[in-house]
Amino acid sequence: MITAVFVVLMIWKSVAGVPEENFLILDAAQRRPVNQHQAVVARVERLARLAKYCGFASLGLLLISGGVWVYRGIVAVNGGRTP
């Protein structure tokens, strides 16, 4: 579930984002597009932070499940005796 949320957030971030460095302010008449651009940048930064947390949670779950898998393999090799 966490990994699925992480993948969805990464896809959403790539779709919602715009390149921040490709934006040029020419005059005061362009204030509205500038405000819209700043809102998009703030949204992408929030998504990036949330995606980072979900990525770390997904990695932690992967490590835990890998550890359980290795532990069960060791127990199976030892004939049911815990090491």
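Look up: the structure comes first, before these words.
## Comments concerning the overall build of the protein
So, step 1. When helices and strands are counted, the protein shows two helices and zero strands.
So, step 2. Across the 83 residues of the protein, 16% fall into the buried class.
So, step 3. Counting only contacts in the protein whose residues sit at least 6 apart along the sequence, the fraction spanning at least 24 positions is 58%.

## Re a positive patch on the surface
So, step 1. Taken together, the side chains of Arg43, Arg46, Arg49 and Lys52 present a region of like positive charge at the surface.
So, step 2. Mapped onto the elements of the fold, Arg43 is located in helix H2 (residues 31-77).

## What about the environment of Cys54?
So, step 1. Locating Cys54 in the fold gives a position in helix H2.
So, step 2. A relative accessible area of 13% means that Cys54 is categorised as buried.
So, step 3. A sequence separation of 45 residues divides Cys54 from Leu9, and the C-alpha atoms of the two residues are 8.7 Å apart.
So, step 4. Non-local contacts of Cys54, meaning those with residues more than four positions away in its chain, are made with Ile2, Val5, Phe6 and Leu9.

Scoring rules and cut-offs
Residues numbered from 1 in each chain as written. Predicted model: local features only at pLDDT ≥ 70, side-chain atom pairs only at ≥ 80, totals over all residues. Heavy atoms only, no water. Helix = DSSP H or I, 4+ residues; strand = E, 2+ residues; numbered from the N terminus. Buried < 20%, exposed > 50% of the residue type's maximum accessible area, 1.4 Å probe, protein only. Contact = heavy atoms within 4.5 Å. Patch = residues over 30% accessible without salt bridge, like charges linked within 9 Å, V, L, I, M, F, W, Y side chains within 5 Å. Areas by Shrake-Rupley, 256 points an atom, 1.4 Å probe, with all protein chains shown as cover. Salt bridge = Lys/Arg side-chain N within 4 Å of Asp/Glu carboxyl O. Lys, Arg positive; Asp, Glu negative; His and termini not counted. Charge placed at Lys NZ, Arg CZ, Asp CG, Glu CD.

These figures come from the coordinates and say nothing about function on their own.
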